Amino acid sequence: MPSLSGKNVVMGVTAGVAAYKSLVVVSGLKKLGAEIDIIMTENACNFISPLSFQTLSARPVTVDMFKEPAFWEVEHIALARKANLFLVAPATANFIGKYANGIADDMLTTTVLATKAKVALAPAMNTAMWEHVAVQENISKLKQRGVLFIGPASGLLACGEEGAGRMESPEEIIKFVSDKLLYDEDLKNINIIVTAGPAKEAIDPVRFISNYSSGKMGYAIADAAKARGANVTLISGASVLPVPKGIEFLPFNSTADLLSIMQNNYSKADIIIQAAAPADFTPREVSPIKIKKAGREAMPLELAPTVDIAKEIGKKKQSGQVFIGFAAETNDGAKNARSKLEDKNLDLIVLNDITQEGAGFNGDTNIVCFITADSSEQLPLMTKKEVAHKLLDRALSIYKGKNLKA
Ligand SMILES: Cc1cc2nc3c(=O)[nH]c(=O)nc-3n(C[C@H](O)[C@H](O)[C@H](O)COP(=O)(O)O)c2cc1C
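Quantities reported herein were computed from a predicted structural model and do not represent experimental measurements.

About the thresholds
- Residues numbered from 1 in each chain as written.
- Predicted model: local features only at pLDDT ≥ 70, side-chain atom pairs only at ≥ 80, totals over all residues.
- Helix = DSSP H or I, 4+ residues; strand = E, 2+ residues; numbered from the N terminus.
- Buried ≥ 20, exposed ≤ 12 C-beta atoms within 10 Å, placed from the backbone.
- Contact = placed C-beta atoms within 7 Å.
- Pairing = 2+ DSSP bridges.
- Near = placed C-beta within 6 Å.
- Nonpolar A, V, L, I, M, F, W, Y, C, P; charged D, E, K, R; others polar.
- Axes fitted to C-alpha atoms, helices over the stretch in contact; angles between N-to-C directions.
- Right-handed = clockwise from strand over helix to strand, strands pointing away.
- Parallel < 35°, antiparallel > 145°, perpendicular 65-115°, else oblique.
- Left-handed = near helix turned anticlockwise from the far one by under 90°.
- Core = buried A, V, L, I, M, F, W, Y, C linked by C-beta atoms within 7 Å.
- Arc of directions from axis to C-beta.

Examining the overall build of the protein chain
In terms of helices and strands, the protein chain carries 13 helices and 22 strands. Out of the 406 residues in the protein chain, the part that is buried amounts to 41%. Taking as baseline every contact in the protein chain between residues at least 6 positions apart, the subset at least 24 positions apart corresponds to 67%.

Next up, the structure:
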């Protein structure tokens, strides 16, 4: 993850059992280079000692508004000003209620009212509390004011019940905070469809043909677009990668599935990035029963061409939409990419020569060239995450060119 050096997080900790997980959040953000100032409620000190947070953050922890530490040089309001992001994790029902209603009766509620920074809350509470109309009303009020929410997750809660209300995992909270600190929301309100991963073409009920696509490039794009505020739909073939949080996820199996999902969804997208690897051919016939090996000298398989999805969708492109495709090539890359660009009515094609070291299907890096009708930009070896951000920069600039003409 990129460094958070120079970024200040003010973190509130309130009195929920999940407070122990917040130690992991502090440690993770600190390792990334952020400076973290912690404010605990008095009740939170029943769960975790301020000393633990102080040790991990290497900063004094504030609890009592009227007893600032002797070595504190500035007034408490300075914390509100200092924050690049104000995080409260865990956020109790009590804290959420006070914040929604402008109550400032301790250090945390006072400071959060005084901050102009983005505020993100990671609620944690019992399911019945979470579902209570009072809590839900307070949350809608805060959402309307632009307060961000991380989770809660669902699962087994400390009280023994199963349901919504568990604090989101420290890893997800760290990722959310990092994304908010690192990226502007330059894709806010833009709808992006990303396709990723391999298609599987059935031979019989137990076998299929597929390709080496891991989904890593597409998932990196979906993740980066989400971090930059886009409304993301990820349409994915089988992949072992975790589905990024906060996006719409539509799984596909075969190339025909992908085509039908695209036909149903393409019109809602401002930008479509097709990084999936559909099949060019599919078995002409699928055996309804398992094909037996016994008694066979050979197993001929006749393949028929599939529908070219990028071309089909390209024909339907509406004015203002941006279509981007990928070309994984082994030879004559630039020539093939240019003809695909034209044939499929794309605005940009990302060429990767999969024979190059560091490029292609399974790795974490890629070497790509962005080709448009009138330009070609060769990028050096980069992580797939870096490629994703560069590609989104280009996609946004094409989108603005089409939609914000003076
Ligand atoms: C063992 C125990 C666990 C609790 N866990 C939670 C919780 O997860 N979420 C919550 O909203 N309240 C929880 N509470 C209730 C809060 O601690 C209580 O509402 C308190 O007033 C909140 O104080 P604060 O918001 O100032 O930190 C718990 C209480 C106890 C005794």
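What follows picks up the thread again.
Quick word on the pairing of strand β4 (residues 85-91)
Most of β4 sits inside the fold, with seven of its seven residues counted as buried. Of the two faces of β4, the one carrying Leu85, Leu87, Ala89 and Ala91 and the one carrying Phe86, Val88 and Pro90 are both buried. The pairing of strand β1 (residues 8-13) with β4 spans four bridges and is parallel. Pairing of Met11 across the sheet is with Leu87, part of β4. Note: β4 against strand β5 (residues 118-123), five bridges, orientation parallel. The partner of Phe86 across the bridge, within β5, is Val119.

Some thoughts on the site of the ligand
Around the ligand, 15 residues are found, and the nearest of them are Thr14, Ala15, Gly16, Thr41 and Thr92. By residue number, the principal contributor to the shell around the ligand is helix α4 (residues 93-100), which donates three residues. Broken down by class, the residue content of the shell around the ligand amounts to nine nonpolar, six polar and no charged.

Considering the sheet that holds strand β12 (residues 231-236)
The strand order across the open sheet built from eight strands is β13-β12-β9-β14-β17-β18-β20-β21, with neighbouring strands paired in mixed fashion. The sheet is open, and its two edges are formed by β13 (248-251) and β21 (375-378), each paired on a single side. Across this sheet, the average inter-strand angle for adjacent strands is 15°, counted without regard to direction. The strands touched by helix α10 (residues 255-265) are β9 (191-196), β12 and β13; relative to β12, the strand with the most contacts, the crossing angle is about 160°.

Observations regarding the pairing of strand β17 (residues 322-329)
Judged by how many residues are buried, β17 sits mostly within the fold: seven of eight residues are covered. In this structure, strand β14 (residues 271-274) lies alongside β17, joined through four bridges in parallel fashion. The residue bridging Ile271 from the neighbouring strand is Val322, located in β17. Pairing geometry for β17 and strand β18 (residues 348-353), over six bridges, is parallel. Counted as the bridge partner of Glu329 is Asp353 from β18. For the crossover that starts at β17, traverses helix α12 (residues 333-343) and ends in the parallel β18, the hand is right-handed.

What about the packing of helix α1 (residues 19-31) against helix α2 (residues 50-57)?
In contact at an axis separation of 9 Å, α1 and α2 are set at 15° when each is read in the N-to-C sense. Compared by their axis directions, α1 and α2 come out roughly parallel. Crossing geometry of α1 relative to α2 is assigned as right-handed. Listed contacts from α2 to Leu23, Val26, Ser27 and Lys30 of α1 are Ser52, Phe53, Leu56 and Ser57. Among the residues making up the contact of α1 with α2, the classes are represented as four nonpolar, three polar and one charged.

Observations concerning the nonpolar core
One recurring pattern in soluble globular proteins is that nonpolar side chains are buried together. Core analysis: the biggest nonpolar cluster contains 56 residues, and Ile192, Val194, Ile221 and Ala225 have the highest contact counts within it. Looking at which element gives the most residues to this core, the answer is helix α9 (residues 216-227), with eight residues. Here Ile192 is in contact with Leu187, Ala225, Ala230, Val232, Ala269, Asp270, Ile271 and Ile273, once residues within four sequence places are set aside. By size, the runner-up hydrophobic cluster in this structure holds 51 residues, among which are Leu85, Ile139, Met167 and Val177.

Re α2
For α2, the complete set of buried residues consists of Phe53, Leu56 and Ser57. The buried side chains of α2 occupy one side of the element, clustering within an arc of 90° when seen end-on. Along its buried surface, α2 packs onto β1, α1, β2 (35-40) and β3 (61-62). Backbone geometry just downstream of α2 places Ala58 in the positive-phi region, at approximately 55°.

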